[in-house]
Amino acid sequence: MQQLVSRFPVAESRTVLRASNIAATFAVGVAFCILALGCIVITRYDGPIATIWIPNAVVAAFLLHTAQDRQNPLLLIGMFAGSAGANTLAEFPTHHAFLFALANVIEIAIAVRLTRHWCGGRPKMDELDHLARFILAGGIIASASSGWCCQTNRNLSPIGARYPFPELVQAMRFCHSASAAERAVL
């Protein structure tokens, strides 16, 4: 029995491990890894992370348009694996690679779910109120949440080295943004 939640069908537990879902998860992971590695290699320069981050924006747009994450919850695992793989290939330490991968998945999941919730299903980006809701969900709330995820490790945080209480500024820092597809390092 399929339920309709926000006009999109939700996968049942017995249909999640179908071959097509596993293949789609693998494809999303590989695509995310290629996009992420390209962004890291091209825009990293001498800094620790990429200055332009396109994969989250591409995946968020794909999920908002197709709702594949409702039919295939394994896609988040593929995104995590692709992100961790790209960060590992870019020679990040393993714990940093997994922390950034977790931040990417958190940001995408929050941006997509909040946008869908606030827009009543698939958002219509040509309507100003839907666009504003997406910017709020993806550009502010999801980015702050993923930035907080990155900031929990004081060794990664440039703020933690300068301020004794980095928790006070964590919500204001944007690690990367789904709506603007860029990262900013303070």
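Everything quoted here is computed from the prediction, not taken from an experiment. (Residues numbered from 1 in each chain as written. Predicted model: local features only at pLDDT ≥ 70, side-chain atom pairs only at ≥ 80, totals over all residues. Heavy atoms only, no water.)

Q: Whenever I open this one, unusual backbone geometry confuses me. Can you help?
A: Not every positive phi belongs to a glycine, and Glu 91 is a case in point at roughly 70°. Along the polypeptide, Glu 91 turns up in the loop between helix 4 (75-89) and helix 5 (94-119). (Helix = DSSP H or I, 4+ residues; strand = E, 2+ residues; numbered from the N terminus.)

Q: Teacher, can you tell me more about the environment of Arg 18 here?
A: For Arg 18, the position within the fold is in the loop between strand 2 (8-9) and helix 1 (19-43). Judged by its relative accessible area of 43%, Arg 18 is partly exposed. For Arg 18 and Asn 72, which are 54 residues apart along the polypeptide, the C-alpha to C-alpha distance reads 9.3 Å. (Buried < 20%, exposed > 50% of the residue type's maximum accessible area, 1.4 Å probe, protein only.)

Q: I tried to follow the nonpolar core on my own but got confused; where do I start?
A: Taken as a class, soluble globular proteins show a tendency for nonpolar side chains to be buried jointly. Phe 32, Trp 53, Leu 63, Met 79, Phe 92 and Ile 108 are the most contacted members of the largest nonpolar core, which totals 24 residues. Those elements that place two or more of their residues in this core are helix 1, helix 2 (55-66), helix 4 and helix 5. When sequence neighbours within four positions are dropped, the list of residues in contact with Phe 32 reads Trp 53, Pro 55, Asn 56, Val 59, Met 79, Gly 82, Ser 83, Asn 104 and Ile 108. (Core = buried A, V, L, I, M, F, W, Y, C linked by side-chain atoms within 4.5 Å. Contact = heavy atoms within 4.5 Å.)

Q: Explanation requested: the packing of helix 4 against helix 5 in the structure shown.
A: Two numbers describe a pair of packed helices, the interaxial angle and the distance between the axes. Running from N to C, helix 4 and helix 5 cross one another at 145°; their axes reach a closest spacing of 8 Å. The crossing of helix 4 and helix 5 is right-handed. Note on element contacts: helix 5 touches helix 4 through Ala 97, Phe 98, Phe 100, Ala 101, Leu 102, Asn 104, Val 105, Ile 108, Ala 109 and Arg 113, opposite Leu 76, Met 79, Phe 80, Ser 83, Ala 84, Asn 87 and Thr 88. In the contact of helix 4 with helix 5, the residues fall into twelve nonpolar, four polar and one charged. (Axes fitted to C-alpha atoms, helices over the stretch in contact; angles between N-to-C directions. Left-handed = near helix turned anticlockwise from the far one by under 90°. Nonpolar A, V, L, I, M, F, W, Y, C, P; charged D, E, K, R; others polar.)

Q: Can you help me understand the confidence of the model for the chain in this one?
A: Should pLDDT be low for a region, the predicted coordinates there are not to be read in detail. On average, residues of the chain score 75 in pLDDT, and 70% of them are at 70 or above. Averaged pLDDT values for the elements of the chain fall to 41 in strand 1 (residues 4-5) and rise to 92 in helix 4. Confidence drops under a pLDDT of 50 for residues 1-8, and excluding neighbours within four residues, the segment shows 21 contacts in the predicted structure. Taken as a whole, residues 156-186 scores under 50 in pLDDT and shows 73 contacts with residues more than four places along the chain or in a different chain. (pLDDT = per-residue confidence, 0-100.)

Q: Whenever I open this one, the side chain of Asn 87 confuses me. Can you help?
A: Relative to the assigned elements, Asn 87 resides in helix 4. Setting aside anything within four residues of it in sequence, one finds Asn 87 in contact with Ile 40, Phe 92, Ala 97, Phe 100 and Ala 101.

Q: How should helix 5 be read in this particular structure?
A: Working note: α-helix, 3.6 residues per turn, so residues spaced by three or four point in the same direction. With 26 residues, helix 5 should reach 38 Å at 1.5 Å per residue; the first-to-last C-alpha distance of 37 Å fits that figure. Where helix 5 terminates, the next one or two residues include Gly 120, which has phi positive at roughly 70°. (Expected span 1.5 Å × (residues − 1).)

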